[in-house]
Amino acid sequence: MKRDIVTNLFVIKFANVNGTGSASANTLFSRAVFRMGVPISPKNIFPSNIQGLPTWYEMRINENGFLGRRGGIEVAVGMNPQSMARDIAEVEKGGYFIYDSTKPLDKNLLRDDIDFIGIPFMEHCREKYPDERQRQLFRNVMYIGSVAALLNVEIDVIKQLIHEQFKGKASLVAPNVEALEMGYAVAREMYDCPIAYRVERRDKVGNQILMTGNRACGLGAVYGGATVASWYPITPSTSVIDSFARYCRQFRTDPETGVKNYAIVQAEDELAAIGMVIGAAWNGARAFTATSGPGISLMNEFLGLAYFAEVPAVVIDVQRVGPSTGMPTRTQQSDVLTCAFASHGDTKHVLLFPSTPKECFELTATAFDLAERLQTPVIVMSDLDLGMNDNLCAPLAWDDARTYDRGKVLTAEQLEAMQQRFGRYLDTDGDGIPYRTLPGTHPTKGSFFTRGTSKDEYAVYTEAGEKYVANMERLLKKWKTASTIVPKPAIRKPGKPCTVGVVYYGTSEAATLEALFHLNDLHGISLDSLGIKAFPFSTEIEGFIDEHDYVFVVEQNRDAQMRTLLINEFDFVPDKLVPVLHFDGSPITARFIRHVIRDWILQTTTTPRRRARR
Amino acid sequence: MKRDIVTNLFVIKFANVNGTGSASANTLFSRAVFRMGVPISPKNIFPSNIQGLPTWYEMRINENGFLGRRGGIEVAVGMNPQSMARDIAEVEKGGYFIYDSTKPLDKNLLRDDIDFIGIPFMEHCREKYPDERQRQLFRNVMYIGSVAALLNVEIDVIKQLIHEQFKGKASLVAPNVEALEMGYAVAREMYDCPIAYRVERRDKVGNQILMTGNRACGLGAVYGGATVASWYPITPSTSVIDSFARYCRQFRTDPETGVKNYAIVQAEDELAAIGMVIGAAWNGARAFTATSGPGISLMNEFLGLAYFAEVPAVVIDVQRVGPSTGMPTRTQQSDVLTCAFASHGDTKHVLLFPSTPKECFELTATAFDLAERLQTPVIVMSDLDLGMNDNLCAPLAWDDARTYDRGKVLTAEQLEAMQQRFGRYLDTDGDGIPYRTLPGTHPTKGSFFTRGTSKDEYAVYTEAGEKYVANMERLLKKWKTASTIVPKPAIRKPGKPCTVGVVYYGTSEAATLEALFHLNDLHGISLDSLGIKAFPFSTEIEGFIDEHDYVFVVEQNRDAQMRTLLINEFDFVPDKLVPVLHFDGSPITARFIRHVIRDWILQTTTTPRRRARR
Amino acid sequence: MSYAVPGFRHPNLPKNALGYTIQNYEGAVSTLCAGCGHDSISAAIMEACFELSIQPHRVAKLSGIGCSSKTPTYFLGNSHGFNAVHGRMPAVATGANMANRDLLYIGVSGDGDTASIGMGQFVHAVRRNVNMIYICENNGVYGLTKGQDSATTDIGSKSKKGEPNALEPIDLCAIALQLGATFVANTFSGDKQQLIPIIKAAISHRGFAFINVISPCVTFNNAPGSTKSYDYMRQYMASSNAVDYVPPAEEITTEYAEGTSEQVAMHDGSVIHLHKIDPESDIHSRRSALRRMKDYDAEGKVLTGILFIDEDSKEIHETMNTTQVPLRNLAEPQLCPGSAALEAINQLHR
Amino acid sequence: MSYAVPGFRHPNLPKNALGYTIQNYEGAVSTLCAGCGHDSISAAIMEACFELSIQPHRVAKLSGIGCSSKTPTYFLGNSHGFNAVHGRMPAVATGANMANRDLLYIGVSGDGDTASIGMGQFVHAVRRNVNMIYICENNGVYGLTKGQDSATTDIGSKSKKGEPNALEPIDLCAIALQLGATFVANTFSGDKQQLIPIIKAAISHRGFAFINVISPCVTFNNAPGSTKSYDYMRQYMASSNAVDYVPPAEEITTEYAEGTSEQVAMHDGSVIHLHKIDPESDIHSRRSALRRMKDYDAEGKVLTGILFIDEDSKEIHETMNTTQVPLRNLAEPQLCPGSAALEAINQLHR
Ligand SMILES: Cc1ncc(C[n+]2csc(CCOP(=O)(O)OP(=O)(O)O)c2C)c(N)n1
Ligand SMILES: Cc1ncc(C[n+]2csc(CCOP(=O)(O)OP(=O)(O)O)c2C)c(N)n1
Ligand code: SF4
Ligand code: SF4
Ligand SMILES: [Mg+2]
Ligand SMILES: [Mg+2]
């Protein structure tokens, strides 16, 4: 087949069986491309199962730095017979399908619009590796070698990575390198390498890093000064705590004595996890938990308590596909409403929306400042795509001059100096945020009783309606204050003035920005964009929507949950907010967003589809 | 003081100490007025405590049948020294304060714009009743006697009620009657009765009944065919189950053998309660639970499961003041959003809003039909005011021809006859509602696996995005179907066409309708009204709002929760919906609604305050 | 009505009284790890049901969330199943049982699903003596979430990541006995000979039958030293009695020497024979069960077998005195008091 | 810094080592029913803290929801308190303890709050050996919701409405012992002599100290026949030992005959003397505790007193090896690794 050569602009997908160690091999490959200075975005698509089911590793290679999911596969590496039919079908016309030819390929699967590259990996490994498990592992390394040859990936870079990976365990280096070279050699023997899709060294990565959002959240908690973590395992949030634990072991543990400057408690369930966080925060520690949808549902009652009793708490919600158990290993942004209004009665919770690992790090650290400043739960809304996949982003940064904002906590001295009676829920500063005291501070001043029942300004139980109302209205004032101190949105405007805008949040960012680039590039449509970073919404968001005829709201859920919040908070005319919804559990693609927006605009000029009711 | 005589149009309030048996005495009084054919609406205002704190019994007497809370007290009966200052202050100018003059009244509390009527109840009782407890009880009956004399309530009616109350325990009748007569006599000796506020026999009650909403819900569950109830005690919902148990003992228990045609399980908590309901409903029984806000928060995860796995469930939420433990013995309508969107992921739940005991009965019975027809949770949104207070309403009615709608359940015969493979989640009828089968139906056909994970039409676990999306969209179609079969709203239009309307729901009905009457009467303002009975909203609601320039939305919560749902479901211009919010824990009053609406209209003609954003 | 009995694909396969072969008791293909203990338990359930000629559709399978809780999909494909939420199977099973007392309820859970998030519901299901079988597939680890410690993990055992587990494991059998469970057994997924008769006995038991099955997780907790590993159990498994299940109306053939055997007559007419290995064991004594567990433990052995039976206990429907007719089968005539009764009630509210 | 010691209104009131009178240990006026057992427990807590000269502000009071859970408002007004949600006090207390290991944590709960909705959290707080006192004010009924049966209600007892309770009560002490609780006591709100020293001993205990206090509900469960009533306890309360608490660094004056007394040296230097009434009782043996409870029960008696102590157990911070400095007192220097370390981490991700 005659083809143009495509360099650093394609998608490769590896199809494997889970539990066979393929993940580390594939990561080896993606890291190599990354080390060659070429931007990548790998997505691990795995089943909710431990061993034996299909799993995929889809990696976009894009030297222009577009790293949202794109859709479409040019090169497929099919190592799993179970999914082979589907994997072959998925390859774009003119693409390649690389497979293990130890067993002959089912003729019915053949296509003549793509090239098939068969290499007998298993055959080679069977000879070399008597041990079953070893054979499986080295086969993985071997196909990486072959793919490197075919795509022109520098083998030395991979070798270097192998050395780094097995630092200390030298004995493991040699055999891995050997398997790698075997694959590399075999491929070059059998086919003339490289093929039409190629990787070439560039300098497009700069000082960027490749990290998962969960690792960054865990780090953010360490840097943010969290000392107490309580959690219950749940995919895809578990690695947030793994990361926190790992860096606490590194930075917060006395090497000699093993004495710890932190405490991690694996709770018996999520009710207990959030309960411990609230208890610790009430007692003055920065505390957090990480969970996913089902955990959020179980935390509802406690979140209402923390809102009403005004106790700080940080929750990291790594969202997955709901409702219920849903698809535990797929991604979605569908906990927005539940988190915003968690628990019965009139409640509203502060939410933060990171889009990159860097923002996971920063917003997690910031969450502790906000939670203590506002004395309320703060929920960091990550998701599986951001949390569990390696994402390329600017390096994490920390200003050593930065100190923690511990909020309005009275010291023993302040209490001693205090003339008037301490009122836990008095709005002394007029910002709706009262002063609190910590247990054990002063022998005779500042003690109070924290409760989920209604109380007066002095924390004394009351059933007086006017006291209750005053308190609830102060909470609204605090909410207003919150909107002024939460992170501002990211607003981007192409030179020329635009009448239409796009609003997005979290992991829809990369795909949205790419879509906007191409809308301009291909269709001459240019739009302003705003990335929401926090709820309650700051006035910038209101202003942005006001100044446009209408705005698209890009979300990864079925019910346009963020759109509901926007309309509800600002009383916008609903027609101004046009939903762009993707919710099949895969990360949203630039293509999808581009098509929806293009079709909409071409079809409607600027009059929205649904008529506003008068 | 010179006064006009006011007959059957005033509010009397009894102030007592809780745990002293005053409740039954006060009820005796209200029933007597009711028996005299005069409409009443008593409100029990009690503390979250068992003994020793202030409690009030406020009763509106209104022969015109206006029975919402009115506000303002003409006659106060102050039997509690703790609250006396406040109780005296509350009396409207020209009113009366009746108290126990055994101890002299604190001079500082005296007012000259009201009359004080002191009667030495305790003194009389001390002589008559040596036993402490008895003394307390008969003192209650005694003051009822005096109040009867003062307000011209027929003592024979009260005697009759005493006979009925102690049917069987004759020995108790005499002393009670005696105490009653003593009070009656003493009052007439000391004062010339009746005073200016009087009760006179009328025929304004007709065949109406006086019942609590909780009792009616329990009865509705019996008539609706519920066989399994699982619950966890919580104020103010507990008496729903008490009622269900009571009538099951009466109607569903074999008098000889005691064999029961029902099962009531007191669960260990609300998670277990809803879990049992779901298990029982999955297995073909009509099952329900009753709870309040905190319970709803704990049921979140299970509600999401029932939504997604499509299992029927009936929940009765007797709302109280939130957030958190809030004010457990005060009323509010603040669980609307939590219930509508309960649980993580994209979920929506069917809600029903009764306004009277009659509707509690009917909507509870209907909830079982809807839950089985729609295969989803249905939540009956009552509240403390409706659930725990005696409410006057039309008699409960049941059509003996009515049969239960058990929904789409396949029988063994149908399965046997079935040619194609049974698909639990196939949209066979195009209404989004699939067919289900019950365990144990057919040896080889119709079995399937119920799960909270995503599945295909045949209930087989799948992680295929397109299958997931198809299922989620079918659920939206089912939601649409639901909006066509849920109870229709109550629409009222005064003769002339109105440009402005009022929307209300639940216990805001009586006060709203009274407010509309007076708006017309006093200010010549006439408005159409619509009472929401169910969510999802039927098209009538959309139409009603469409055909008015704007509508007021009356709610008993802080955040205008129903307004949020209306805007969200129909994309109305938010400015069209003007919130009227009362949330101090007391039932909303006609006065309050009237004033808000009047001020708004006079100030704004028909242009809403907040400008719509363009 | 009558139904054609299917599944005659292999006429040579043995059939049970219903004319069913073992195939009629199979489920979907397991997606668990090769060698996972849970699969053996599924197999044992199928065999027990096959041999007892149980109508598959008269069984309801319930579970929580976990690898263990996935298994109901892998056995009795003709039974309805309910994969509930994590740790809440007991409530769903209790509700299901309330609706229809005539089915056989098999609940499957894991140690995380039971001893952590599910502890409260487990305790109360035991206390209510719900008529069901509760199998805890105990591998001392969270399998499905990839290897965290559970509340039954050995003290000192090192999970993939992180510190060694510092807490004492919870002994579910001891807790069940303490709470008054009416049937308690401890066994091992690797020992069919013991597992199958125990499941049969549990099926015959009227009331809550708890079976704790040590079921190794080959991927995360089968390391040498793990008391939940194949090696460990093979080496240290001990039993104070061998269980022999004699179905209803079947001849008791074997002879037992005096004192060496204990017989328990179940209410469905079956008889459970316990060949005493430990002569002073008393199947009807909680105390003796708890004592023996501790004694064996002291010797570094794991006591298995049926530890305790109270065959005369009242299950929840008996305590509540509910009708014999499944509640779900009652209809308007039995359920709805009708308009006349309602008018009488109205009258009492005037 | 130093503070003026307040509360000299009654110079004649006895003072403790801190110069405090009992008034410094009082709380708000109780709103419970007159005669409620819970109030006596509050009084005993005040006395114990007063006599041990505990700094009120170094105590944190935690509770769930219920009449019992209201009581922390009624004692130690100078301590911070947290009235959490129903049944979830153990989690909040555990978290609080994580944040600051230096305070004394007193958790108050009820039988509904503990044995029903709170069972899971109770079990796991015990298992973690959180360093706190857990008092279950056990009246065998749901007081605040007006008289429903709880999981500790006597079998057969008739609640205000509805049927007699058909289920066996849960014995919290037995469960705690079974789960490895390191301090377990059973006592009666009506017996100050026993209650106060037990609370003192619990304060001295390092680890989870569980005290089950039978605390009659005069309004809903004090009827004759109720095992949670004043009459019943006065009649059938028995104890296998009398507790005598000797504070740190105080002379042991009394003489005890051989074998009649057992001494437990607590880690804070205090000594607990147990005058054996039942000679074969062994305070360090769980088994003996469980056995004695059953034996007394068999005789229709309620065994009270300290049932078991393991004074050498490791509380949760020791197991986790956390710093002696309260975690909440750590600041940026100890907590934040800084920018250089971060850049090194970046480097590892390139
Ligand atoms: C509410 C909730 N929290 C957490 C999870 C994640 N989760 C799934 S299975 C599991 C533990 C399973 O352990 P176990 O019950 O021992 O089963 P195993 O996999 O070991 O057989 C957890 C924590 C969940 N599904 N739901
Ligand atoms: C989630 C939740 N469910 C139910 C309740 C209602 N409730 C309040 S106290 C209580 C039981 C209290 O019983 P117990 O713990 O024994 O305390 P007691 O009043 O008997 O001292 C219940 C069910 C609640 N507050 N929260
Ligand atoms: S992870 Fe463990 S428990 Fe899960 S399937 Fe694999 S072996 Fe079984
Ligand atoms: S109801 Fe019972 S528990 Fe509650 S305060 Fe009264 S006596 Fe005490
Ligand atoms: Mg497990
Ligand atoms: Mg109690």
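Only a predicted model underlies this, so the values are computations on that prediction, with no experimental measurement involved.

This part takes up the site of ligand 1. In the vicinity of ligand 1 lie 23 residues, with A:Glu270, C:Ser68, C:Asp111, C:Asp113 and C:Val141 positioned nearest. More than one chain reaches ligand 1: the nearby residues come from chains A, B and C. A distance of 2.9 Å is found between an oxygen atom of ligand 1 and a backbone nitrogen or oxygen belonging to C:Gly112. Contacts to ligand 1 include C:Val141, whose backbone N or O atom sits 2.9 Å from an oxygen atom. Isolated, ligand 1 exposes 590 Å² of accessible area, and the fraction of that covered by the protein chains is 97%. Contributions of two or more residues to the shell around ligand 1 are made by α10 (293-309) of chain A together with α2 (67-70), α4 (111-116) and β5 (141-142) of chain C. At 3 residues, α4(C) tops the list of elements feeding residues into the shell around ligand 1. A class-by-class count of the residues in the shell around ligand 1 yields 10 nonpolar, 9 polar and 4 charged.

Moving on: the side chain of A:His349. All names here are of chain A. As for its placement among the helices and strands, His-349 is situated in the loop between α11 (336-340) and β14 (350-352). Residue His-349 is classed as buried on the basis of its relative accessible area of 0%. Reaching out from His-349, the side chain makes a polar contact with the backbone oxygen of Ala-342 at a distance of 2.9 Å. Residue contacts for His-349: discarding those within four places in its chain leaves Leu-303, Tyr-307, Cys-339, Ala-340, Phe-341, Ala-342, Pro-377, Trp-479 and Phe-535.

On to the sheet that holds strand β11 (residues 261-265) of chain D. All names here are of chain D. The sheet built from 3 strands is open, its strands ordered β10-β12-β11 with antiparallel pairing. Since the sheet does not close on itself, it has two edges, and those belong to β10 (241-246) and β11, each with one partner. Taking the axes of each pair of neighbouring strands and ignoring which way they run, one obtains an average angle of 20 degrees across the sheet. Against the sheet, helix α7 (residues 192-204) touches β10 and β12 (271-276), its axis set at about 55 degrees to β10.

Turning our attention to the sheet that holds strand β15 (residues 377-383) of chain A. Residue and element names in this part refer to chain A. If you walk across this open sheet you meet the 7 strands as β11-β10-β12-β13-β15-β14-β21, and the pairing is mixed. The sheet terminates laterally at β11 (263-266) and β21 (534-535), the two strands that pair on one side only. Note that strand β12 (residues 287-291) and strand β13 (residues 313-319) share 4 bridges and pair parallel. Counted as the bridge partner of Thr-289 is Val-315 from β13. The sheet contacts of helix α9 (residues 270-282) involve β10 (228-231), β11, β12 and β13, and relative to β12 the element is tilted by about 160 degrees.

The subject of this paragraph is the interface of chain B and chain A. With 72 residues of chain B at the contact, the number on the chain A side is 73 residues. Buried surface at the junction of chain B and chain A, summed over both partners, amounts to about 6000 Å²; 54% is from carbon and sulfur atoms. At the boundary of chain B and chain A, one finds 4 salt bridges. In this structure, B:Asp571 and A:Arg563 form a salt bridge, with 3.2 Å as the shortest nitrogen-oxygen distance. Remark: the boundary between chain B and chain A carries 42 residue pairs in polar contact (both at pLDDT 80 or more). The element that contributes the greatest number of residues to the side of chain B that touches chain A is helix α10 (residues 293-309) of chain B, accounting for 10 residues. Each residue belonging to the side of chain B that touches chain A can be placed in one class, and the counts come to 27 nonpolar, 26 polar and 19 charged.

With that out of the way, let us pick up the pairing of strand β2 (residues 9-17) of chain A. Looking down a regular strand, the side chains alternate between one sheet face and the other. Residues and elements named next belong to chain A. For β2, the buried fraction is high: 7 of the 9 residues fall into the buried class. Strand direction decides the pairing type here: β2 and strand β4 (residues 54-62), joined by 9 bridges, are antiparallel. Its bridge partner being in β4, Val-17 is matched across the sheet by Pro-54.

Attention now goes to the coordination of the magnesium ion (ligand 6). Only D:Asp111 (OD), D:Asn139 (OD1) and D:Val141 (O) from the protein coordinate the magnesium ion (ligand 6), and they sit 2.1 Å from it. In the primary sequence, the donor residues of the magnesium ion (ligand 6) line up as D-x27-N-x1-V.

Below, the discussion takes up the site of ligand 3. If you check the shell around ligand 3, you find A:Ile50, C:Leu32, C:Cys33, C:Cys36, C:His38, C:Cys67, C:Asn139, C:Cys217, C:Val218, C:Thr219 and C:Phe220 and nothing else. Chains contributing residues near ligand 3 are chains A and C. Across the shell around ligand 3, the residue classes tally to 8 nonpolar, 3 polar and no charged.

Moving on, we get to the coordination of the magnesium ion (ligand 5). Residues and elements named next belong to chain C. Coordination sphere of the magnesium ion (ligand 5), protein contribution only: Asp-111 (OD), Asn-139 (OD1) and Val-141 (O), at 2.0 to 2.1 Å. Considered as a linear motif, the donors of the magnesium ion (ligand 5) on their single chain read D-x27-N-x1-V. Of this pair, Asp-111 sits in helix α4 while Val-141 sits in strand β5, and the two are 30 residues apart along the sequence. Grouping residues by exposure puts Asp-111 and Val-141 together as buried.

A word on helix α3 (residues 121-128) of chain B. Residues and elements named next belong to chain B. Listed as buried for α3 are Phe-121, Met-122 and Cys-125. Axial view of α3: buried residues confined to an arc of 85 degrees, hence all on one face. Check the buried side of α3 and you find it contacts β6 (91-100), β7 (115-119) and α4 (132-151).

To continue, consider the nonpolar core. Ranked by internal contacts, the top residues of the largest apolar core, which has 318 residues, are A:Phe288, A:Leu566 and B:Phe288. Look past the residues within four positions of B:Phe288 in its chain and what remains in contact with it is B:Ala221, B:Ala226, B:Val228, B:Ala229, B:Ser230, B:Val240, B:Ile241, B:Phe244, B:Val277, B:Val314, B:Ile316 and B:Phe368.

Let us now look at the environment of B:Thr453. With respect to the secondary-structure elements, B:Thr453 resides in the loop between β17 (449-451) and α15 (465-485). Spatially, the C-alpha atom of B:Thr453 lies 8.2 Å from that of B:Ala309, the residues being 144 residues apart in sequence. Each residue touching B:Thr453, except ones within four places of it in the same chain, is listed here: A:Thr325, A:Gly326, B:Phe308 and B:Tyr461.

What follows concerns the confidence of the model for chain A. When pLDDT is averaged along chain A, the result is 95; 98% of the residues meet or exceed 70. Note on residues 606-614 of chain A: pLDDT under 50 across the span, and 26 contacts to partners over four residues away in sequence or across chains.

A separate point is the packing of aromatic side chains. Enumeration according to the criterion identifies 78 aromatic pairs over all chains in this entry. For the pair A:Phe583 and B:Tyr468, a centre-to-centre distance of 6.4 Å together with 70 degrees between the ring planes defines the contact as edge-to-face. A residue pair is termed interchain when its members come from two chains, as with A:Phe583 in the loop between β23 (577-581) and α19 (590-604) and B:Tyr468 in helix α15. We note that A:Phe583, like B:Tyr468, is buried. Consider the rings of B:Phe552 and B:Trp600, whose centres lie 6.1 Å apart with planes at 85 degrees: the pair is edge-to-face. Taken together, the residues span a long stretch of sequence, with B:Phe552 in strand β22 (residues 550-555) and B:Trp600 in helix α19 (residues 590-604) at a distance of 48 residues.

One way to see where empty space is left: roll a probe the size of a water molecule over the atoms. With the rule as written, the count across this model stands at 18 cavities of 30 Å³ or more. Size it by volume and the largest cavity reaches roughly 150 Å³. Taken together, 17 residues form the lining of the largest cavity, with C:Arg88, C:Gly120, D:Arg88, D:Ile117 and D:Gly120 sitting closest to its centre. Among the elements of the structure, α5 (119-128) of chain C together with α5 (119-128) of chain D are those that each provide at least two residues to the lining of the largest cavity. Per-element tally for the lining of the largest cavity: the top contributor is α5(D), with 3 residues. Tallied by class, residues from the lining of the largest cavity come to 5 nonpolar, 6 polar and 6 charged.

Turning to the relation of the copies chain B and chain A, a few remarks are in order. The transformation that overlays chain B on chain A combines an axial shift of 0.0 Å with a rotation of 180 degrees, and the residual RMSD is 0.0 Å. Expressed as a symmetry operation, the mapping of one chain copy onto the other fits a two-fold axis. For chain B, the residue whose C-alpha comes nearest the rotation axis is B:Val573, separated from it by 2.4 Å. Take the interface residues of chain B: 100% of them recur as interface residues in chain A, which is what a same-surface contact looks like.

Conventions we followed
- Note that residues are indexed from 1 along each chain, following the sequence as it is written.
- The order in which chains are written sets their letters, starting at A; the order in which ligands are written sets their numbers, starting at 1.
- Restriction of local features to residues with pLDDT of at least 70 applies here, the model being predicted, together with a cutoff of 80 or more for giving and counting side-chain atom pairs; totals for whole chains, interfaces and linings are based on all residues.
- By convention in this description, side-chain values take in all heavy atoms of the structure and omit both hydrogens and water.
- Throughout, the term near means that a residue has one or more heavy atoms lying within 4 Å of the molecule or strand in question.
- Whenever two N or O atoms come within 3.5 Å, that pair is a polar contact, provided that in protein one can donate a hydrogen and the other can accept it, and provided that, for residues adjacent in sequence, both atoms are side-chain atoms.
- Throughout, the Shrake-Rupley method with a 1.4 Å probe supplies accessible areas, and for residues the shown protein chains are the sole cover considered.
- The numbering of helices and of strands both runs from the N terminus, where a helix is a DSSP run of H or I of at least 4 residues and a strand a run of E of at least 2.
- Basically, the charged four are Asp, Glu, Lys and Arg, the nonpolar ten are Ala, Val, Leu, Ile, Met, Phe, Trp, Tyr, Cys and Pro, and anything else, Gly included, counts as polar.
- Burial here depends on accessible area, computed with a 1.4 Å probe over protein chains only, as a share of the maximum for the residue type. Under 20% is buried, over 50% is exposed, and the range in between is partly exposed.
- Contact definition: two residues touch when any of their heavy atoms are within 4.5 Å.
- A strand pair is defined by DSSP finding two or more bridges across the two strands.
- Under this scheme, a helix contributes an axis fitted over its contacting stretch, all axes are lines through C-alpha atoms, and angles between N-to-C directions fall in the 0 to 180 degree range.
- Buried area adds together the accessible area that both of two parts lose upon being put together, with accessible area traced by a 1.4 Å probe.
- What counts as a salt bridge is simple: a side-chain nitrogen of Lys or Arg found within 4 Å of a carboxyl oxygen of Asp or Glu.
- Donor atoms (N, O, S) are those found within 2.8 Å of the metal centre, with the cutoff raised to 3.2 Å for Na, K and Ca; water is not part of the atom list, so apparent gaps in a site can occur.
- Taken from the helix axis, the directions to the C-beta atoms give the arc we talk about.
- Take the buried residues of types Ala, Val, Leu, Ile, Met, Phe, Trp, Tyr and Cys, join any two whose side-chain atoms come within 4.5 Å, and each joined set is a nonpolar core.
- Every residue is assigned a pLDDT by the predictor, reflecting its confidence on a scale from 0 to 100.
- Here the aromatic set is Phe, Tyr and Trp, taking the six-membered ring for Trp, and pairing holds for ring centres within 6.5 Å; pairs whose planes are under 30 degrees apart are stacked, those over 60 apart are edge-to-face, and all others are tilted.
- Both site types are read off a 1 Å grid over the protein atoms alone. A 1.4 Å probe that fits but cannot get out defines a cavity, while an open set with protein on both sides within 12 Å along at least five of seven lines defines a pocket; lining residues have an atom within 4 Å of a point.
- Grid points are joined across faces, edges and corners, and a volume is the space filled by probe spheres set on the points.
- The atoms used to superpose the copies are C-alpha atoms, taken from residues with pLDDT of at least 70 in both, and the fit is least squares.

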